[in-house]
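Letter by letter, the chains look like this.
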Amino acid sequence: MNSFTYARAADVIDAVQQGTRVHAKYLGGGTNLVDLMRETLEQPSALVDVSGLSSDITEREDGSLLIGAAARNTAVAEHRAVRTRYPLLARAILAGASGQIRNMATVGGNLLQRTRCTYFYDNDGSRCNKRTPGQGCDAIQGFNRIHAILGASPSCVATHPSDMCVALAALDALVHVTGLDGSRTIAVVDLHRLPGDHPEIETNLRPGELITAVELPALPFAQRSVYRKVRDRASYAFALISVAAALDLDHGIVKDVRLALGGVAHKPWRALKLEASLKGQPATTQSFLAAVEEELADATPLPHNKFKVELAKRTVVAVLAELAGDIS
Amino acid sequence: MSIKETAQAVMKKAVQIAPDALMPGGAPDPLIRQKHGLIGTPVSRLDGPQKVSGTARFAAEFPMEGMLFATLKYSTIPKGKITNLDIAAAAAAPGVVLVMTHHNAPRMKPAPAFMSSAKAAGGDDLPIMQDAEIHWNGQPVAVVLAETQEQADYAKTLIGVTYETEPAVTAFEVAKADSEPGVFQGEPLLLEIGDADASLAAAPHKVDAVYRTPRHSHNPIELHAATVGWDGDHLLVHDASQCVTHTAWSLAEVFGIAEEQVHVTSLFVGGGFGSKTLWQHQTLAAAASKLAERPVRLMLSREGVYRIVGGRTLTEQRMAIGAQGDGRFDALIQTGVVAMGRHNNMPEPFILPARSAYQAGSFRLDVEAAKMDMVANTFMRAPGESVGTFALESAVDELADNLGMDPIELRIRNEPEKDPTTGAPFSSRHIVEAYRAGAEKFGWAARKAKPGTHREGEWLIGMGCATATYPYYRMPGGAARITLTADGRANVKIAAHEMGMGTSTTQTMVTADRLGLAMECVSVDYGDSHFPGVVLAGGSQQTASIGASVAAAYRKLITELLKLAGKDSPLHGLDADEVIGRDGHLCKSDELERRESYVSLMARIGREELTAEASAPPPLEFTHWSMHSHGAMFCEVRVNAITGETRVSRFLGSFDCGRILNPKTAASQFRGGIIMGLGLALMEETQFDERNGRVMNPSLAEYHVPVHIDVPEIDVIWTDIPDPHAPMGAHGVGEIGITGVGAAVANAVYNAMGRRVRDLPITLDKTLPELGLVP
Ligand SMILES: Cc1cc2nc3c(=O)[nH]c(=O)nc-3n(C[C@H](O)[C@H](O)[C@H](O)COP(=O)(O)OP(=O)(O)OC[C@H]3O[C@@H](n4cnc5c(N)ncnc54)[C@H](O)[C@@H]3O)c2cc1C
Ligand code: SF4
């Protein structure tokens, strides 16, 4: 680990002033950043601790829910409004990491956690375009069982590891950010980027922009929603595939549906094609299958992760069938 | 055969045919008869309070005056030469006291490789930072010493290394083309009886398949560590060790000093499993300490353990059984290849279980080693048996399925009367009882014989069983010292190890029973190379080795005590074999009222203390008899019909391991072994990148071991039938628990979904394709 300075931000303005300096980084719970610093993958010279900023969870009049970026993952998952109105989010968070990590991790940090690609982590011994642009990618011909099947590029095939973000993508959540030029909101589906030629650029945040809150728009039918995570052991493992979904039926016909996939791409994957194709269709296994096949038509698996395509299909169909069964 | 091999074979034969009475264990240990002592009662570990209160001091917790902290830099290529080492920035970094590389390291000899001589402890016998050569990806290339750990770790990142790479063999398929016969503990891993191929071909029923097990890395909770200091040319090492005496001797060889000049202590060890022997870090710490003239602490990082401590190697096993319609085996074939480092000698001996598990008309068992440029592979809990039973016991299950027989009945049908390959009589074998009791308790009768027919919701449910087996060993070199004091207390000193198994507790119980003293009156000191004995905590042999050593020392002590006690003692005229200890007294064994207390005896001889030291008899018993532990493993799994995820929902181990000395610590050993076996079955796998021999998942986040929720309720039961020929009637219980688990799980998966997975670990990508397309 390199040496660095540490300061707690007094408020958002203070945070942004400190955070926009070169080589400064915001510190949430530190469960990802500190690990990366130990591995020297991140070498900030200043840490601006934003874990003391707003962690409030507020139900607003328009029916949306505003979650302060410093809210701990556990606090979000336990919050009554989240559990009753957005159960897929509570379940996604609880499916991640461990109790200890969730107690530390913040919403802001969870959004910006970095990939678990093992070649990315192997600073000394492997090539990685994300870590060292232009170096090459050792994962493409190496161990790529946990890597992407959608939206990858010849530069990078990594996945975004978060569970929480998959639920947020399904919910059309908005990310509130503040920078030196003021505040704005970004749809969570636009926050993360596909790797393209620049896997080192992971988000559409501007330098020094601080995440202050996440907003969940009202979505009444999300009361019945599911997050299902498929993994190599029953807990404390990242998703091979995960599915966040909410389904709105009207007499057996799909009125509305929200679905996002985790473990498949460099960002949480909102299944827009599937959603479009399902709307107005009968809620049957056949239409679920047809829709997910359409969504995954462009999947380009790697040598070790071919199973993910089939697994994603099966999991999506099971999740939608479960939701449809619950409703009908 | 060489002259040496011929001589060995003749010796072996002589031991086999010698009369029982001449063998150690020929006369049963008197403790076996004793029914009212501590043995067999559940005693909590004596060091429990120290461990939970944090006062137990582990290797990396010893402070030393002026101590420096060390860190290692590892190579990133598998083979070649270092052409340039840029250490200037590191040397100039804050707090750095020394950067040691092959340019300035003191001259040292390679560590003698394990099993190359009686006290050799080295993982391999490569030169340690003596030249520019790189032998594996991850080899240490520099040591940084600094005032704090953080300073050392940071400075390390400033070191630049350039290499000239040379062609390396890092792909198993390439290495296999050049494999050579495996030799284990001086014996070739090859056994042929009859014409197994012909018998297989002629057999009306057969299975013949290839099974694979991957590399595993060691992950004891306590990282490997050593705190070392020199006092002139005397070296003190606080190590995390399962072989203190071996390590002291081997380090003495490395530094060219006398064995007595090296003092290794290891009081507490946070798990060993075969990994806590001598790897490069202890030597490098001592060498750097010598250069810096200050004590050094070197604790490996988790990554460091994956890079420089070997693990279990991969195996590829052909397993074939030919059988008659009634299930009797005509042929048993288990042959295959394992990967092995170039500078060690540990061809994972996966054929060991098949040598004595079943009667068969013919055998062909063979292990070949394919040499690769990789860190020396090594022992890991039940090396050989844990992966060998996966193939053997899966194949038996496959055969049972072919024959339409219950797999337990098929096993019992092939139960041998004497050792099927050596002809030696079994010392104690109650595997059938273990199966019957296990089946009853587990509810085996409820198993659906037809696979894939038990479903609850999304879950396909199956049951499987498998035989567990592990040999009884006792290695040469055991010795102990007992001191009896005037207040009627006894102390034992022996260079043995407590790695969390409960050894110190159990041996205190055994010694107390042997002397007839209360537990509070007995102390056992261990974990110090200056104590008597060469006692490896490995091969599940410590219990027997300590037991036999203490028994020998006890006998000498009592002989001396009775001699000195003289005519006035009520015990006058009796020898050590005619007395037993009971309630603080020595008593005539068949006339308990004729007795005298230790306090009185000591007063009579007018001594403050009386000490005796003795060596255990040579370990001939397990050549004379065929001595093994056994178990029957039962498993229930649930395979998710949608995702292929496999979860173990119930497990039971039914063991036959002689007399159980301490049910509490033994149960933990059994359960721990089974849990490790669940990891082997379902998730453990070292990702060794075959392009450059680099381990890609050197962390507990990416290298999966079972977490709590992966572990179901595990029931353990045992026969508790003493082995009349083993000290205390007991067998070691540390390793058997992992054996058979892989097959029990795989067999249950088959029973659940009707497809075989012959390639561990059973991850969902292997079960998924068998579930058919989307439901
Ligand atoms: C062993 C292990 C297992 C795990 N398993 C899972 C899992 O199964 N599923 C899963 O989803 N996650 C898992 N995680 C990851 C965990 O969810 C993340 O580490 C955590 O959410 C990060 O939150 P944090 O607050 O600690 O972030 P930090 O580590 O503090 O920060 C992470 C990043 O976010 C930036 N940042 C933090 N706050 C802000 C802000 N307000 N504005 C802008 N930038 C900010 C930091 O600069 C940094 O770049 C696991 C982690 C570990 C260590
Ligand atoms: S997949 Fe991406 S993160 Fe992984 S090595 Fe390649 S470039 Fe790096």
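Given the structure is predicted, the values throughout are model-derived calculations rather than measurements.

(A) Highlighting the site of ligand 2. Around ligand 2, the structure places 14 residues, and the nearest of them are C117(A), C128(A), C137(A), C156(A) and V157(A). When grouped by side-chain class, the residues that make up the shell around ligand 2 number nine nonpolar, three polar and two charged.

(B) Here's a closer look at the pairing of strand β22 (residues 490-493) of chain B. Residue and element names in this part refer to chain B. Judged from the four bridges that link them, strand β21 (residues 479-485) and β22 form a sheet pairing that is antiparallel. Along β22, the bridge assignment pairs R481 with K493. Here β21 hands over to β22 after four residues, with G488 in that stretch at a positive phi of 80 degrees. Bridge analysis of β22 against strand β23 (residues 522-525) gives four bridges, and the strand direction is parallel. Looking at the pairing, K493 lines up with D525 of β23.

(C) A look at the nonpolar core. Core analysis: the biggest nonpolar cluster contains 133 residues, and F255(B), F329(B), F651(B) and V745(B) have the highest contact counts within it. With sequence-adjacent residues up to four places away left out, F329(B) is seen in contact with I321(B), G322(B), A323(B), Y358(B), Q359(B), A360(B), G361(B), V396(B), L399(B), L410(B) and N414(B).

(D) Quick peek at the sheet that holds β21(B). Residue and element names in this part refer to chain B. Taken together, four strands build an open sheet; the order of strands is β23-β22-β21-β27 and the sheet is mixed. Each of the sheet's edge strands pairs with one partner strand only, and the pair in question is β23 and β27 (609-615). Adjacent strand axes in the sheet meet at a mean angle of 15 degrees, parallel and antiparallel pairs treated alike. Its contacts with the sheet put helix α15 (residues 542-565) on β21, β22 and β27, and the angle it makes with β27 is roughly 135 degrees.

(E) How the structure looks around the pattern of salt bridges. Scanning the model with the defined rule gives 67 salt bridges over all chains in all. In this structure, E133(B) and K81(B) form a salt bridge, with 3.4 Å as the shortest nitrogen-oxygen distance. Placement of E133(B) in strand β4 (residues 133-134) and of K81(B) in strand β2 (residues 80-86) is noted, with a sequence separation of 52 residues between them. Residues joined in a network through salt bridges with shared partners are K25(A), E42(A), R114(A), K130(A) and E202(A).

(F) Molecular detail of the domain arrangement of chain A. Once the domains are mapped, chain A shows domain 1 (5-51) and domain 2 (228-327). Distance between the C-alpha centres of domain 1 of chain A and domain 2 of chain A: 36 Å.

(G) A look at the packing of aromatic side chains. Residue and element names in this part refer to chain B. Overall, the coordinates contain 15 aromatic pairs over all chains when judged by the stated rule. Ring geometry for Y472 and F622: centres 6.3 Å apart, planes at 70 degrees, overall edge-to-face. Separated by 150 residues along the polypeptide, Y472 in the loop between β20 (459-471) and β21 and F622 in helix α17 (residues 621-624) bring together distant segments of the chain. Exposure remark for Y472: the relative accessible area of 3% places this residue in the buried category.

(H) Molecular detail of the side chain of S225(A). Residue and element names in this part refer to chain A. With respect to the element layout, S225 can be found in strand β9 (residues 225-230). Taking relative accessible area as the criterion, S225 reaches 5% and is therefore assigned buried. Looking at S225, its side chain comes within polar contact range of the main-chain nitrogen of L88, at 3.0 Å. Polar contacts involving the side chain of S225 include one to the main-chain carbonyl oxygen of A222, which spans 2.7 Å. Setting aside residues no more than four positions away along its own chain, S225 makes contact with Y86, P87, L88, R91, A245, A246 and L323.

(I) Expanded view of the packing of α15(B) against helix α16 (residues 598-605) of chain B. Residues and elements named next belong to chain B. Relative to each other, α15 and α16 sit at 55 degrees, their axes nearing to 9 Å. One element, α15, and the other, α16, form an angle in the oblique class. Judged by the twist between their axes, the crossing of α15 over α16 is left-handed. Contacts from I558, L561, L564 and A565 in α15 reach Y598, L601, M602, R604 and I605 in α16. Residue composition of the contact of α15 with α16, by class: eight nonpolar, no polar and one charged.

(J) Layout of the site of ligand 1. Residues and elements named next belong to chain A. Of all residues adjacent to ligand 1, which total 31 residues, the nearest are Y26, G29, G30, L33 and T106. The separation between an oxygen atom of ligand 1 and a polar main-chain atom of G29 is 2.7 Å. T106 has a polar side-chain atom sitting 2.6 Å from an oxygen atom of ligand 1. Alone, ligand 1 offers 960 Å² of accessible surface; in the complex the protein occludes 95% of this. Counting only elements with at least two residues in the shell around ligand 1, the list comes to β2 (24-27), α2 (33-38), α7 (107-111) and β8 (210-216). Taken together, the residues that form the shell around ligand 1 break down as 14 nonpolar, 13 polar and four charged. Each of domain 1 (5-51) and domain 2 (228-327) contributes no fewer than three residues to the shell around ligand 1.

(K) Looking closely at the interface of chain B and chain A. At the junction of the two partners, chain B supplies 37 residues and chain A supplies 36 residues. Of the roughly 3,100 Å² buried at the junction of chain B and chain A (both faces included), carbon and sulfur atoms supply 56%. At the junction of chain B with chain A, the criterion picks out six salt bridges. Note that R116(A) and E702(B) form a salt bridge whose closest N and O atoms lie 3.6 Å from each other. One can count 11 residue pairs in polar contact (both at pLDDT 80 or more) joining chain B with chain A. Among the elements of the structure, β30 (688-689) and α20 (764-767) of chain B are those that each provide at least two residues to the side of chain B that touches chain A. Looking at the side of chain B that touches chain A residue by residue, the classes come out as 17 nonpolar, nine polar and 11 charged.

(L) Inspection of unusual backbone geometry at higher detail. Residue and element names in this part refer to chain B. P761 follows L760 through a cis peptide bond whose omega is -5 degrees. Inspection of the secondary structure assignment puts P761 in the loop between α19 (741-753) and α20. The backbone phi angle of A382 is positive, close to 55 degrees, even though this residue is not glycine. Inspection of the secondary structure puts A382 in the loop between β18 (362-372) and α11 (385-403). For A382, a relative accessible area of 0% gives the class buried.

(M) The arrangement of the sheet that holds strand β26 (residues 591-597) of chain B in detail. Residue and element names in this part refer to chain B. Strand order across the open sheet formed by three strands is β24-β25-β26, with antiparallel pairing between neighbours. Every other strand in the sheet has two partners, leaving β24 (579-582) and β26 as the edge strands with one partner each. With direction set aside, neighbouring strand axes in the sheet form an average angle of 35 degrees. Judged from the four bridges that link them, strand β25 (residues 585-588) and β26 form a sheet pairing that is antiparallel. Directly across from L586, in β26, lies its bridge partner E596. Strands in contact with α16 are β24, β25 and β26; relative to β26, the strand with the most contacts, it is inclined by about 50 degrees.

So, how was this worked out
- Residues numbered from 1 in each chain as written.
- Chains lettered and ligands numbered in written order.
- Predicted model: local features only at pLDDT ≥ 70, side-chain atom pairs only at ≥ 80, totals over all residues.
- Heavy atoms only, no water.
- Near = heavy atom within 4 Å.
- Nonpolar A, V, L, I, M, F, W, Y, C, P; charged D, E, K, R; others polar.
- Pairing = 2+ DSSP bridges.
- Helix = DSSP H or I, 4+ residues; strand = E, 2+ residues; numbered from the N terminus.
- Core = buried A, V, L, I, M, F, W, Y, C linked by side-chain atoms within 4.5 Å.
- Buried < 20%, exposed > 50% of the residue type's maximum accessible area, 1.4 Å probe, protein only.
- Contact = heavy atoms within 4.5 Å.
- Axes fitted to C-alpha atoms, helices over the stretch in contact; angles between N-to-C directions.
- Salt bridge = Lys/Arg side-chain N within 4 Å of Asp/Glu carboxyl O.
- Domains from an automatic or database assignment.
- Phe/Tyr/Trp six-rings, centres within 6.5 Å; stacked < 30°, edge-to-face > 60°.
- Polar contact = N/O pair within 3.5 Å; in protein donor to acceptor, adjacent residues only side chain to side chain.
- Parallel < 35°, antiparallel > 145°, perpendicular 65-115°, else oblique.
- Left-handed = near helix turned anticlockwise from the far one by under 90°.
- Areas by Shrake-Rupley, 256 points an atom, 1.4 Å probe, with all protein chains shown as cover.
- Buried area = accessible area lost by both parts, 1.4 Å probe.

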